[in-house]
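What the coordinates show
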Amino acid sequence: MTVNTEELYFILENTPAEQNIMLVGKHGIGKSRILEEYYSRKGFKVVTLFLGQMSDPGDLIGLPEKDEKTGKTDFLLPYWFPTDRKPVVLFLDELNRARPEVLQTIMDLTLNRKLAGKALPLGSRIISAVNNGNEYQLTDLDPALVSRFNIYEFAPSVENWLDWANKSGIDSRIIDFIGENPEFLDSDASYEDAANLERSPDRRSWERTSDVIKKFSELTDLHKPILTGIIGSRATSSFFRFLKEHDIPSASQILCGDFSSVSGKLLKLSVPILGTVNTSLFKFMEKGFEKEEEKKLVSKNICEYFDFLGQNQQREVQSHFINLCNAESFPDTLVFISKESPALYRKMTDFIMDS
């Protein structure tokens, strides 16, 4: 049985600190990001150790030195070891890529919460992540080590990722594409060559794609090679075909630019696609704005967008817009509209009265 993001949050919340957790899943699905974001919100420091990069146990437990007072060998604390006695979350990434000698050190750490005799602060947690599949070069884990973990196969849903993507400012064209083509969110090993050099998409690569394209209002053939190197040729071709067929302006283009420059594109969209645009606008506004100039521009453009729908007899889309505003999913957007765009709020009220 797999667990999604909500189920993982419940597991993290209700597992005692002294019990270790192991997450099994494909690369690029956001295991480390989700853990770091969750525990950072809780006020914990998250220490991530990439065990596959450690050449010997000294990288983990520190280097030996002679204690001049006792004449015995001691170990210098490694750079990451907490000295303020505050509990930490120790995230052991790539556990099944670690060398066998490093894994022996992990045995004591997971059982006794100690490294070379030095104990982690009380309340510290140990969480590991492993990849699972024939396509990976992995180290077999000792059953005794595995037995010290609660093991969960982690597979965050497409909806989990779409929610995160909207809150994190991922380019709305990517969000729209994945919403209609969820099969392209994660990599498919069947499309990778034997040397694993043929790219296929994963959640991490879509984030990198967003970083590349978000500054371009239009994508041209010049963008295809760079995207192919990030998400692969198959996903790139489908993504560009989607953009050509839909030609949907992004939420950022509509709300943060010159509205007149996108109104022509909006005229060509069908009612269902305009409904998708409504949702993307609300998700964009829900993340909030820090600068006053940005608030003013967004409040002006969202009002123009609503007027545009009315001027083009799109009452059904206007009704959908208002229903979204009343939905529990976008409470901050409703506050934003009522506070920053009172003119739009009045128009929405008038629409409801006239209906």
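Residues numbered from 1 in each chain as written. Predicted model: local features only at pLDDT ≥ 70, side-chain atom pairs only at ≥ 80, totals over all residues. Heavy atoms only, no water.

1. Quick look at the pattern of salt bridges
Let me state the cut-off plainly: Each reported salt bridge corresponds to a side-chain nitrogen of Lys or Arg within 4 Å of a carboxyl oxygen of Asp or Glu. In this text, helices come from DSSP runs of H or I with a minimum length of four residues, and strands from runs of E with a minimum of two, each type numbered from the N-terminal end. In this scheme, a residue with accessible area under 20% of its type's maximum is buried, one over 50% is exposed, and one in between is partly exposed, where area comes from a 1.4 Å probe on protein chains only.
Under the counting rule described, the total for this entry stands at 8 salt bridges. Of the charged contacts, one joins glutamate 13 and lysine 42 as a salt bridge, the two residues approaching to 2.8 Å between their closest N and O atoms. With glutamate 13 in helix H1 (residues 5-14) and lysine 42 in the loop between helix H2 (31-41) and strand E3 (45-50), the pair connects residues that are 29 residues apart, well separated along the chain. Assessed through its relative accessible area of 43%, glutamate 13 is described here as partly exposed. For lysine 42, a relative accessible area of 44% gives the class partly exposed. With a closest N to O distance of 2.8 Å, aspartate 307 and lysine 347 form a salt bridge. In this pair, aspartate 307 sits in helix H14 (residues 292-311) while lysine 347 sits in helix H17 (residues 342-354), placing the two residues 40 residues apart along the sequence.

2. Digging into the packing of aromatic side chains
Our working definition: Put simply, two rings from Phe, Tyr or Trp (the six-membered ring, in Trp's case) pair if the centres are within 6.5 Å, and we call them stacked under 30 degrees between planes, edge-to-face over 60, tilted for the rest. For a ring to carry a charge above it, either NZ of a lysine or CZ of an arginine must fall within 6 Å of the ring centroid while also lying within 35 degrees of the normal to the ring plane.
The full count for this structure, using the stated rule, is 19 aromatic pairs. A centroid spacing of 5.6 Å and a plane angle of 35° characterise the contact between phenylalanine 177 and phenylalanine 184, whose relative ring orientation is tilted. When its relative accessible area of 5% is taken as the criterion, phenylalanine 184 is described as buried. Ring geometry for phenylalanine 177 versus phenylalanine 242: centroids 5.5 Å apart, planes at 70°, classification edge-to-face. Of this pair, phenylalanine 177 sits in helix H7 (residues 172-180) while phenylalanine 242 sits in helix H10 (residues 233-246), and the two are 65 residues apart along the sequence. Residues phenylalanine 177 and phenylalanine 242 agree in their burial class; the two are buried. Grouping aromatic residues by their ring pairs yields a cluster made of Phe259, Phe282, Tyr305, Phe306, Phe308, Phe321, Phe330 and Phe351. Taking the ring centre of tryptophan 164 as reference, the NZ or CZ of arginine 33 above it sits at 4.0 Å. Sitting over the face of the ring of phenylalanine 240, lysine 224 holds its NZ or CZ atom 5.3 Å from the ring centroid.

3. Examining the pairing of strand E9 (residues 125-130)
The test is simple: One bridge is not enough; two strands pair if DSSP finds at least two bridges between them.
Judged by how many residues are buried, E9 sits mostly within the fold: 6 of 6 residues are covered. With burial as the criterion, each face of E9 is covered, one bearing Arg125, Ile127 and Ala129 and the other bearing Ile126, Ser128 and Val130. In terms of strand pairing, strand E2 (residues 20-24) meets E9 through 4 bridges, oriented parallel. By the bridge assignment, valine 24 is partnered in E9 with valine 130. Sheet topology places strand E6 (residues 88-93) next to E9; 4 bridges connect them, and they run parallel. Bridge pairing links leucine 92 to serine 128 in E9.

4. Considerations on the packing of helix H6 (residues 158-167) against H7
Any two packed helices are characterised by the angle at which their axes cross and by the distance between the axes. The condition that has to hold: Lines fitted to C-alpha atoms define the axes, with helix axes restricted to the stretch in contact, and inter-axis angles between N-to-C directions lie between 0 and 180 degrees. Relative orientations are named as follows: roughly parallel for angles under 35 degrees, roughly antiparallel for angles over 145 degrees, roughly perpendicular for angles from 65 to 115 degrees, and oblique for any other angle. What makes a crossing left-handed is the near helix being turned counterclockwise from the far one by less than a right angle; a clockwise turn instead makes it right-handed. By definition, residues are in contact when any of their heavy atoms lie within 4.5 Å.
It is the contact of H6 with H7, at a shortest axis distance of 10 Å, that shows an interaxial angle of 170°. The pairing of H6 with H7 is recorded here as roughly antiparallel in orientation. The handedness of the crossing between H6 and H7 is left-handed. The segment H6 lies against H7, with Val158, Trp161, Leu162, Ala165 and Asn166 engaging Ile174, Ile175, Ile178 and Gly179.

5. Thoughts on the side chain of serine 205
Tracing the backbone shows serine 205 in helix H8 (residues 203-213). Given the relative accessible area of 0%, serine 205 is considered buried. In contact with serine 205, other than residues within four places in its own chain, are Arg199, Ile230 and Ile231.

6. Some details on the confidence of the model for the protein chain
Just so we agree on the cut-off: For every residue, the predictor reports its confidence as pLDDT, a number between 0 and 100.
For the protein chain, per-residue confidence averages 85 on the pLDDT scale, and 93% of positions sit at 70 or higher. Predicted confidence is poor over residues 189-195, with pLDDT under 50, and the contacts of this stretch with residues over four places away or in other chains come to 6 contacts.

7. Observations regarding the pairing of E2
The buried fraction of E2 is high, at 5 of 5 residues. Where burial is concerned, the two faces of E2 agree: the one with Asn20, Met22 and Val24 and the one with Ile21 and Leu23 are both buried. Inspection of the sheet shows E2 paired to strand E10 (residues 149-154) by 5 bridges, in the parallel sense. Pairing of asparagine 20 across the sheet is with phenylalanine 149, part of E10.

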